[in-house]
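# Chains, contacts and geometry: an overview
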Protein chains: 2
Amino acid sequence: MNETLEIKQDHKYVEVAERIETLIEKKVLKVGDKLLSVRALSKEQGISLSTAFQAYYMLESKGLIEARPQSGYYVKFSHAHTLDLPKTCDPPDDAIPVSVDDMINSVYVDLNNEKLLNFSMGAPAIELLPTAKLNKAVMHVLRQSKTCCLNYEHIQGNPALRKQIARQAFNWGGTPSEDDIIVTAGAVEALSLCVKAITKPGDAIAIESPTYFAIFQVLESHGLKVVEIPTDPLTGVDLDYLEKAIPRFDIKACLFVNNFNNPLGSCMPDEHKKRLVDMLAKKDIPLIEDDIYGELYFGKTRPKTCKTFDKKGLVLHCASFSKSLAPGYRIGWTIPGRFKEKVLRLKRMHTVSTNTLSQAAVADFLSNGRFELHLRHLRKALHTQSLRYVQAVSDYFPDDTCITRPQGGFTLWIEMNKKINGYKLHKRALKHNIGIAPGQIFSSQGRFENCFRISYGQPWTERIGQGLQMLGKLMKDMR
Amino acid sequence: MNETLEIKQDHKYVEVAERIETLIEKKVLKVGDKLLSVRALSKEQGISLSTAFQAYYMLESKGLIEARPQSGYYVKFSHAHTLDLPKTCDPPDDAIPVSVDDMINSVYVDLNNEKLLNFSMGAPAIELLPTAKLNKAVMHVLRQSKTCCLNYEHIQGNPALRKQIARQAFNWGGTPSEDDIIVTAGAVEALSLCVKAITKPGDAIAIESPTYFAIFQVLESHGLKVVEIPTDPLTGVDLDYLEKAIPRFDIKACLFVNNFNNPLGSCMPDEHKKRLVDMLAKKDIPLIEDDIYGELYFGKTRPKTCKTFDKKGLVLHCASFSKSLAPGYRIGWTIPGRFKEKVLRLKRMHTVSTNTLSQAAVADFLSNGRFELHLRHLRKALHTQSLRYVQAVSDYFPDDTCITRPQGGFTLWIEMNKKINGYKLHKRALKHNIGIAPGQIFSSQGRFENCFRISYGQPWTERIGQGLQMLGKLMKDMR
């Protein structure tokens, strides 16, 4: 389809669907209300039958309305009907040497089991990725490259790719040059190198609570102590708490996932980011920001990053294409500010250069301008999926369950009745071939016992619905 | 060409060439002697004219004979005419905290300068690699893969690739199963993970002397002290010295490149390897062996590895395809014996999985059985190149220069008159756009001042000859 045409048509039915959605949100249309027929909608709005149908189809796929056989469309669900938000957790009393236990290994091992209905994998489904166009990019660069991409790439990374990453940074208000960027083997390598560059063993580093378990593992491997900062499910790190914690725990660095934090889905408001950067700048404390979910926003604009407000070069920005384009390519990057030479030196020591072919293919894909279009499709799909999953959780899980409202990213954080243990639920669910990530692995102290995380990266299917229903049943049995 | 036919013809002219080479080595034919004409050789040996010509062509490309216009073929060069071997260096007196200086960074930065005649790059020229067949493998796996290789690969590595690596191990007498192998982002990541798995900061680790500077960097980044063990240019590590050094310096681990060590080119005899493994087994000291050059032997058989003799699981075998097949693919591996779980856990912490597409492509290439044929061509080319380079060094460098006799790998180690400083030579050579690796960067203490390393990975050209001639001139000027 012609791209301009695609966008134009897109605009029409989306616009109609959004107006109906607003009516539902404002409770002008209530759950159970009958909607106009497709024909009547078409007449009323002066749109084609197919546009009217597409608008209803979009609302249906978001779980907001339902088609009842031989009857028509009905309002099904509104945000007002979801379960409560989880509360910000209380902080622990001390800085804690990281100890990552066998639980994490058991969850990670399960990730590769293909029979599993896997809610614990925080990655987009392959069908949401532009596979054909990426293949084309691979073939194109193989043909173009004099060395068939067999040469060692520059340690800092493919220059064309760094240029594209620099351009992409414009979206969050960044103005790095390609020379400020170091390409890495995924964001995890970027985090690991940055942590190593700015800390020494025994240092205390501030992180969110709950936090992604791979971040604990990185910190553990560098012998650091962590200070868990209370994190609001909507607005992220509690800055007042952090300000007091810095002298109290002698915090040497921070590592935060400000945009669509994993697992909470929280997004720190941009003005908080500015305050955070200013606060740390005064104390000369570096901040590693992991922005792998930043492009996956459901709202109108991309949230900014802390790097946007960084004047002293103290922010080490890390990100990757693993969540937005090509997980298996293992291409990430960092913009480490004043620590660039140090990080580059560590990169040389640990993995030398990053894969030549994948870097060239991603650079090629980005340079032909299809990335933005792909991201638009991906954001829309993830948004729809998030609503579908939230609806199912509301339908199937016990009424005293709390659930987050992610405005981007992949993950839902679920807080259960205090009597239910997340790890036990994980073990029971596994017997039914359902994988979840129990809450305990998102804390250095095994807290969040009554929580778990599910990812909505997979498009909705009957089987997923049944899986969530089964999870709800297990939860009810365990009370 | 049909492969069987190719091998058969190969055998004929190689056999004739080898007999002539033996005559030259035994001085039955001396430098300057005239050889039979191609026609006469063909008659005498009962071989075709083309086979006779190929035999001479092979000897010529090795630099052993030369064609003089309108006159015929003459013996040009024999091993007996090369310069002296360097001596085994004296050991330093103490275990030393690693400190890697700016010299290394300057050499590494220069690697990416395309104008440079680069003798400091220890990698095969791209034209020696099977580019077309690797491209085919990439396209094949992209077509075959349900996920277009966009999925995260197993953290331990692609199962088909591990199977092929396990098969390949048969060549050095190894019998690992695919489950014993962990795929890494090149050998440097394998070394880094293994070092981290078996040491703690402050430990003393034994290494060869001189040793490859990237190894110092890995050890430095883990906060280790190194004990440099005297290393013979032919037979490798001095085991008697090592045995005494272990208690004296409280050595906790060893890291050796036994086969075609970089930079010495030394190859530890297999019986030494057995003695080394037995010695370390008695003291329960783990040994990391970096075998990246093992497949690039010039002799009749592949040297064994220490892993071959490992009964206690104390040997952590590391290798890669970077020197033999695809540098830019960044595919290496380790067989870490009893430390497997620990190494796998570290892998998960630092880079998670390795590039999916490159792993699949290498597995595909290996499974179609062309790797052995490619290696045979590559070994032959490198052997020829090594002789050419040695000859040029003998022709152009001052008479008091000493030079190694590598029986595999990529590198020549050159010891100059004590008055000449390798780093100064490096700086002067750079002005003539010639890159060498000065001796100082192969020691933790800046020793080997009067040495440097050149790589013969690039096929012989006029320009390389001129470059070596210029180096010789600079050396003479500096005395």
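On a predicted model such as this, the values are computed, not experimentally measured, just so you know.

### Quick notes on the relation of the copies chain A and chain B
Each copy of the chain is related to the other by a rotation around an axis and a translation along that axis. After a rotation of 180° and a shift along the axis of 0.0 Å, chain A superposes on chain B with an RMSD of 0.2 Å. Here the transformation between the copies is reduced to the relation of a two-fold axis. With an isologous cut-off of 70% or more, the 100% of interface residues of chain A that recur at the interface of chain B puts this contact in the isologous class.

### Some words on helix H2 (residues 38-45) of chain A
All names here are of chain A. Among the residues making up H2, those that are buried are Val-38, Leu-41 and Ser-42. The arc that holds the buried residues of H2, viewed along the axis, is 100°, so those residues lie on one side. Facing away from the buried surface of H2 by more than 90 degrees, the exposed residues are Arg-39, Lys-43 and Glu-44. Backbone geometry just after H2 places Gly-46 at a positive phi near 60°.

### A closer look at the interface of chain A and chain B
Contact residues are listed per partner, giving 52 residues for chain A and 52 residues for chain B. Across the chain A to chain B interface the summed buried area is about 4700 Å²; carbon plus sulfur atoms make up 60%. The three residues of chain A that bury the most area against chain B are Leu-150, Tyr-152 and Met-349 of chain A, which together make up 17% of that side's buried surface. There are two salt bridges connecting chain A and chain B. Its salt-bridge partner being Arg-345 of chain B, residue Glu-220 of chain A comes within 3.3 Å of it at the nearest N-O pair. At the surface where chain A touches chain B, the tally comes to 24 residue pairs in polar contact (both at pLDDT 80 or more). Among the elements of the structure, helix H4 (102-110), helix H5 (131-144), helix H7 (186-198), helix H8 (213-221), helix H11 (340-350) and helix H12 (356-367) of chain A are those that each provide at least two residues to the side of chain A that touches chain B. When residues in the side of chain A that touches chain B are grouped by element, the largest group, six residues, is from H5 of chain A.

### Considerations on the domain arrangement of chain A
Residue and element names in this part refer to chain A. The domains assigned to chain A are domain 1 (3-80), domain 2 (82-127 + 376-478) and domain 3 (129-371). Here domain 2 and domain 3 have C-alpha centroids that lie 24 Å from each other. At the junction of the two partners, domain 2 supplies 45 residues and domain 3 supplies 40 residues. For the pair domain 2 and domain 3, the summed buried surface comes to about 3700 Å²; carbon and sulfur atoms form 64% of the total. Arg-447 is the partner of Glu-228 in a salt bridge, and the nearest nitrogen-oxygen pair spans 2.8 Å. Counting across the domain 2 and domain 3 interface gives 11 residue pairs in polar contact (both at pLDDT 80 or more). Elements represented by at least two residues in the side of domain 2 that touches domain 3 include exactly strand E3 (96-97), H4, helix H13 (371-396) and strand E14 (411-415). Sort the elements by how many residues they give to the side of domain 2 that touches domain 3 and H13 lands first, with five residues. Split by residue class, the side of domain 2 that touches domain 3 holds 25 nonpolar, 13 polar and seven charged.

Conventions and cut-offs
- Residues numbered from 1 in each chain as written.
- Chains lettered and ligands numbered in written order.
- Predicted model: local features only at pLDDT ≥ 70, side-chain atom pairs only at ≥ 80, totals over all residues.
- Heavy atoms only, no water.
- Least-squares fit on C-alpha atoms with pLDDT ≥ 70 in both.
- Contact = heavy atoms within 4.5 Å.
- Buried < 20%, exposed > 50% of the residue type's maximum accessible area, 1.4 Å probe, protein only.
- Helix = DSSP H or I, 4+ residues; strand = E, 2+ residues; numbered from the N terminus.
- Arc of directions from axis to C-beta.
- Buried area = accessible area lost by both parts, 1.4 Å probe.
- Salt bridge = Lys/Arg side-chain N within 4 Å of Asp/Glu carboxyl O.
- Polar contact = N/O pair within 3.5 Å; in protein donor to acceptor, adjacent residues only side chain to side chain.
- Domains from an automatic or database assignment.
- Nonpolar A, V, L, I, M, F, W, Y, C, P; charged D, E, K, R; others polar.

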